[in-house]
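Listed below, chain by chain, are the residues.
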Amino acid sequence: LDGHQVAEQVRAEAWGRDLILIAATGWGQEDDRRRSLERGFDAHLVKPLDPAALRRTVEGLAAGRAP
């Protein structure tokens, strides 16, 4: 399976609907980003990952999902 297929399968499960999924990929064109979001990822980051950007992304997504 590729990452898009995994994201689709995870999102199809009740336990996977609220997980934070971040695509970490070498592909960074606008079409790649759009496709990742359409397949169920919450964010799309391009390698090499910037640790500070990853942290901000996770914190922002987690804050947006807080009850």
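Parameters at a glance
Residues numbered from 1 in each chain as written. Predicted model: local features only at pLDDT ≥ 70, side-chain atom pairs only at ≥ 80, totals over all residues. Heavy atoms only, no water. Helix = DSSP H or I, 4+ residues; strand = E, 2+ residues; numbered from the N terminus. Buried < 20%, exposed > 50% of the residue type's maximum accessible area, 1.4 Å probe, protein only. Arc of directions from axis to C-beta. Contact = heavy atoms within 4.5 Å. Polar contact = N/O pair within 3.5 Å; in protein donor to acceptor, adjacent residues only side chain to side chain.

A.B. asks: Can you lay out unusual backbone geometry for me, pointing to particular residues and giving the numbers?
C.D. replies: Across the junction of Lys-47 and Pro-48, the peptide omega takes the value -5 degrees, indicating a cis bond. Locating Pro-48 in the fold gives a position in the loop between strand 2 (43-46) and helix 3 (51-65).

A.B. asks: Outline helix 1 (residues 3-12), supporting the account with residue identities and numerical values.
C.D. replies: Every buried residue of helix 1 is listed here: His-4, Ala-7, Val-10 and Arg-11. Viewed end-on, helix 1 has its buried residues packed into an arc of 125 degrees, placing them on one side of the element. In this structure, the buried residues of helix 1 make contact with helix 2 (30-39) and helix 3. For helix 1, the N-terminal cap is Asp-2; the gap from its side-chain oxygen to the backbone nitrogen of His-4 is 3.0 Å.

A.B. asks: For the side chain of Thr-25, give the residues involved together with the corresponding values.
C.D. replies: Tracing the chain through its elements places Thr-25 in strand 1 (residues 22-25). Accessibility expressed as a relative area gives 15% for Thr-25, which makes it buried. In this structure the side chain of Thr-25 is engaged in a polar contact, spanning 3.1 Å, whose partner is the backbone nitrogen of Trp-27. Not counting residues within four places of it along the chain, the set of residues in contact with Thr-25 comprises His-44, Leu-45, Val-46 and Lys-47.

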